[in-house]
Amino acid sequence: MKYFSYLSNVYFHLHCLSCILVIFTLGGCYSFTGGSIPPHLKTLKISPVEDNSGYGNPEYRNFLAQELFDKFRNDKSFEIVEQNANANLNVSIVSIREATVGISDGGSAGELESERKITISCKVEYFDAVKKVMLIEKKFNSFGTFDVNNAFTERDEAVRSAISQIADDIMLAVVSGW
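Residues numbered from 1 in each chain as written. Predicted model: local features only at pLDDT ≥ 70, side-chain atom pairs only at ≥ 80, totals over all residues. Heavy atoms only, no water.

A. Region of interest: the overall build of the protein. Broken down by element type, the protein carries three helices and six strands. Its helices and strands in sequence order give the protein the pattern α-β-β-α-β-β-β-β-α, from N to C terminus. Counting every position in the protein, which comprises 178 residues, the buried fraction comes to 32%. Sequence-distant contacts in the protein: of pairs separated by 6 or more residues, those separated by 24 or more amount to 69%. (Helix = DSSP H or I, 4+ residues; strand = E, 2+ residues; numbered from the N terminus. Buried < 20%, exposed > 50% of the residue type's maximum accessible area, 1.4 Å probe, protein only. Contact = heavy atoms within 4.5 Å.)

What follows is the structure, given as C-alpha cells:
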C-alpha cells in the first residue's frame, strides 16, 4: 500500500510541474500590444491636440499631447514622426464637465457639496495614410473626483488623472485594434 501511495505522490508532483511549465510556456507566447497594427504602418504622426471644450485651460491640451507622445514612444509600436507618416492620430478634447457626486450634512447650514466629478471626453481619429482609410473614429471618456474643500489643487489632479487614463485607452485602442 505504501508503494502505491509513493507512486501517486510522485505522479501528482510531476503533473503539477507539467502544468506549471505549460502555463509559463504559453504565457510567454501571448502579447497584448503590437499584434493588431497593420504591417505597413511603421510611422505615426500625432497632431497637436485641439481643445474644443470651452473649459479655458490650455494646460490640459498640452498635458494630453505630452501623455500621448510619452505613451507611444514607450510602447515602441511606431516610430513617432512630425511629417510623412504612414498613420495619423488626431485627438481633440470635446468636453470637460463637472458635477456634484457627494453631499454631506453641513449641520445648521444644511446639506453641503463635498465631492465633485470632472469628466473629460475626447474625439479620436486614427487614419491609415497609406491605404487612405479611417481605422478608428470614436470618443474616449474618463473622469476623476475631487474634494471640494481642496478643489484648487485636487481639481487639477483629477483632470490629469482622467487625461492620463484617456491617453492609455487611446494608445491601447491604436496598437490593439479596438
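B. Region of the structure containing the packing of aromatic side chains. For the structure on display, the rule yields three aromatic pairs. Ring centres of Tyr 55 and Tyr 60 lie 6.1 Å apart, and the angle between their planes is 40°; on these two criteria the pair is classed as tilted. By relative accessible area, Tyr 55 is classed as partly exposed at 28%. The class of Tyr 60 is buried, set by a relative accessible area of 4%. (Phe/Tyr/Trp six-rings, centres within 6.5 Å; stacked < 30°, edge-to-face > 60°.)

C. Layout of the nonpolar core. Membership of the largest hydrophobic core comes to 37 residues, with the highest contact counts inside it found for Phe 72, Leu 89 and Tyr 126. Going through the elements one at a time, strand E1 (43-46), helix H2 (58-75), strand E4 (87-105), strand E5 (111-128), strand E6 (133-147) and helix H3 (151-176) are the ones with two or more residues in this core. For this core, the leading source of residues is H3, giving 12 residues. In contact with Leu 89, other than residues within four places in its own chain, are Leu 44, Lys 45, Ile 46, Ser 47, Phe 72, Val 124, Glu 125, Tyr 126, Ile 170 and Val 174. (Core = buried A, V, L, I, M, F, W, Y, C linked by side-chain atoms within 4.5 Å.)

D. Main features of H3. Between its first and last C-alpha, H3 extends 36 Å over 26 residues, near the 38 Å set by a 1.5 Å rise per residue. Positioned one or two residues after H3, Gly 177 has a phi angle of 75°, which is positive. (Expected span 1.5 Å × (residues − 1).)

E. Local environment of the side chain of Ser 176. Counting through the fold element by element, Ser 176 comes out in helix H3. Under the relative-accessibility criterion, Ser 176 is labelled buried at 12%. There is a polar contact of 2.4 Å between the side chain of Ser 176 and the backbone oxygen of Leu 172. (Polar contact = N/O pair within 3.5 Å; in protein donor to acceptor, adjacent residues only side chain to side chain.)

F. Molecular detail of the side chain of Thr 43. Mapped onto the fold, Thr 43 is located in strand E1. Engagement of the side chain of Thr 43 in a polar contact is seen with the backbone nitrogen of Asn 86, the distance being 2.8 Å.

G. How the structure looks around the packing of H2 against H3. Contact geometry for H2 and H3: axes closest at 9 Å, N-to-C directions at 40°. Taken together, H2 and H3 sit at an angle that is classed as oblique. Where H2 crosses over H3, the two elements pack in a sense that is right-handed. Residue-level inspection shows Glu 59, Tyr 60, Phe 63, Leu 64, Glu 67, Leu 68, Lys 71, Phe 72 and Asp 75 of H2 in contact with H3, the latter providing Asp 156, Val 159, Arg 160, Ile 163, Ser 164, Ala 167, Asp 168, Ile 170, Met 171, Val 174 and Val 175. For the contact of H2 with H3, the per-class residue count stands at 12 nonpolar, one polar and seven charged. (Axes fitted to C-alpha atoms, helices over the stretch in contact; angles between N-to-C directions. Parallel < 35°, antiparallel > 145°, perpendicular 65-115°, else oblique. Left-handed = near helix turned anticlockwise from the far one by under 90°. Nonpolar A, V, L, I, M, F, W, Y, C, P; charged D, E, K, R; others polar.)

H. Local environment of the pairing of E6. Here 14 bridges tie E5 to E6, and the two strands are oriented antiparallel to one another. Its bridge partner lying in E6, Asp 128 is registered against Val 133. What sits between the antiparallel neighbours E5 and E6 is a turn of four residues, in which Lys 132 has the positive phi angle 55°. (Pairing = 2+ DSSP bridges.)

I. Quick look at the pattern of salt bridges. For the coordinates displayed, the defined rule picks out eight salt bridges. The partner of Arg 116 in a salt bridge is Glu 98, with the nearest N and O atoms 2.9 Å apart. Of this pair, Arg 116 sits in strand E5 while Glu 98 sits in strand E4; the two residues are 18 residues apart in sequence, bridging distant segments of the chain. Note that Lys 123 is salt-bridged to Glu 125, the shortest N-O span being 3.4 Å. (Salt bridge = Lys/Arg side-chain N within 4 Å of Asp/Glu carboxyl O.)

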